[in-house]
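The lines below spell out each chain.
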Amino acid sequence: MRISRQTGKSAFTDRTGMVSASSAPTAAAHAGLSPSAWVCRFAPLVSKSGAVLDLAAGGGRHTRLFLEQGYKVVAVDRDTAGLAGLRSPHLEVITADLENSGPWPLPGRRFAGVVVTNYLHRPLFPALLAALDPGGMLIYETFAAGNERFGKPSNPDFLLRPGELLEVARGRLRVLAYEDLEVSEPKPAMVQRLAARAP
Ligand SMILES: C[S@@+](CC[C@H](N)C(=O)[O-])C[C@H]1O[C@@H](n2cnc3c(N)ncnc32)[C@H](O)[C@@H]1O
């Protein structure tokens, strides 16, 4: 597994120490970078005593959201080019392939919040739960069975089975909210989403 890290020390920091991005908000919205309403809803429940893990962070829409709210963020993706425009001393970017049976790239690390959106690799579920601090929040939202009616993803490997996120949490996390439904925004899709707290 190739893992590389970039911390805020090597990233550009503006004089205010605030996160900045190369794209204007309007451009970000047009590029599909608006944060998920589900993540926005539950973000305030994440303690600021720890960092947030944005797994398969993509273009960093949730990395940006949490940085702007004053959290430390660790963003992981196999392709971190989409994060290159984010500037913050509180951001650690890890380039890692999460699916090639190599070691978990964050051994022993714990987070106040773990955020996963539009990404599913089932073998990671145990590592995600183990990565939660006591009281840590898991905020998860991705495509679910039935989405094949709308297009991609249509591969069952990338679609949650009915109740699957609830099963992941059962007996391990306190489920605060769970939905399994058809949505129309940002595009018609079947999604499942969970917000749950570690004991
Ligand atoms: C649909 S995007 C979602 C990005 C982000 N979570 C969001 O909702 O905006 C899926 C992301 O998963 C990443 N990804 C896919 N396979 C991966 C792998 N094997 N290891 C690490 N990241 C992977 C992709 O690079 C991509 O950024």
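Residues numbered from 1 in each chain as written. Predicted model: local features only at pLDDT ≥ 70, side-chain atom pairs only at ≥ 80, totals over all residues.

Undergrad: Could you clarify how one ought to interpret the site of the ligand in this entry?
TA: Around the ligand, the surrounding shell holds 14 residues, and the nearest of these are Ala56, Gly58, Arg78, Glu99 and Thr117. Of the residues that constitute the shell around the ligand, the class distribution is four nonpolar, four polar and six charged. (Near = placed C-beta within 6 Å. Nonpolar A, V, L, I, M, F, W, Y, C, P; charged D, E, K, R; others polar.)

Undergrad: Help me understand the pairing of strand 7 (residues 174–183) in this model?
TA: Side-chain positions along a regular strand alternate between the two faces of the sheet. Both strand 7 and strand 8 (residues 189–197) contribute to a ladder of nine bridges, which runs antiparallel. Directly across from Val183, in strand 8, lies its bridge partner Ala189. Taken together, strand 7 and the strand that follows it, strand 8, pair antiparallel across an intervening segment of five residues. (Pairing = 2+ DSSP bridges. Helix = DSSP H or I, 4+ residues; strand = E, 2+ residues; numbered from the N terminus.)

Undergrad: Just checking my understanding: could you explain unusual backbone geometry for this structure?
TA: Excluding glycine, residues mostly have negative phi values, and the peptide bonds linking residues are mostly trans. In this model, Lys152 is joined to Pro153 through a cis peptide bond whose omega is 0 degrees. When you line up the elements, Pro153 lands in the loop between strand 6 (132–143) and helix 5 (164–169). Each neighbour pair has its own omega, and for Glu185 with Pro186 the value is -5 degrees, a cis peptide bond. In this structure, Pro186 sits in the loop between strand 7 and strand 8. Look at Ala56: it is not a glycine, yet its phi comes out positive at around 55 degrees. Locating Ala56 in the fold gives a position in the loop between strand 2 (52–55) and helix 3 (61–68). Look at Asn118: it is not a glycine, yet its phi comes out positive at around 55 degrees. Mapping Asn118 onto the fold places it in the loop between strand 5 (111–117) and helix 4 (125–130).

Undergrad: It is not clear to me how the environment of Ala189 should be interpreted in this structure. Could you clarify?
TA: Here Ala189 shows up in strand 8. Ala189 sits 37 residues away from Lys152 along the chain, and the two C-alpha atoms are 9.1 Å apart. In this structure Ala189 touches Phe143, Asn147, Phe150 and Val183, once residues within four positions along its chain are discounted. (Contact = placed C-beta atoms within 7 Å.)

Undergrad: Would you explain the nonpolar core in this entry?
TA: Generally speaking, a soluble globular protein has its nonpolar side chains buried in company with each other. Core analysis: the biggest nonpolar cluster contains 51 residues, and Val52, Leu53, Val73, Val114 and Leu138 have the highest contact counts within it. With sequence-adjacent residues up to four places away left out, Leu138 is seen in contact with Val114, Leu128, Leu132, Leu173, Leu194 and Ala196. (Core = buried A, V, L, I, M, F, W, Y, C linked by C-beta atoms within 7 Å. Buried ≥ 20, exposed ≤ 12 C-beta atoms within 10 Å, placed from the backbone.)

Undergrad: I would appreciate a short explanation of the confidence of the model for the protein chain in the present structure.
TA: Low-confidence regions, as indicated by low pLDDT, have predicted coordinates that should not be scrutinised in detail. Of all residues in the protein chain, 84% have pLDDT values of 70 or greater, and the mean over the chain is 88. The spread of mean pLDDT over the elements of the protein chain runs between helix 1 (residues 25–30), the lowest at 40, and strand 5, the highest at 99. (pLDDT = per-residue confidence, 0-100.)

Undergrad: Is there a simple way to think about the environment of Leu138 in this case?
TA: Tracing the backbone through its elements, the reader meets Leu138 in strand 6. The class for Leu138 is buried, based on 29 C-beta atoms found within 10 Å.

Undergrad: Even after reading the chapter, I still don't get the pairing of strand 3 (residues 73–77), so can you show me in this structure?
TA: Burial analysis of strand 3 places five of its five residues in the buried class, which makes it a mostly covered element. A two-sided burial pattern is seen for strand 3, the buried positions comprising Val73, Ala75 and Asp77 on one face and Val74 and Val76 on the other. Here strand 2 runs beside strand 3; their pairing, made up of four bridges, is parallel. Paired with Asp54 across the strands is Ala75, a residue of strand 3.

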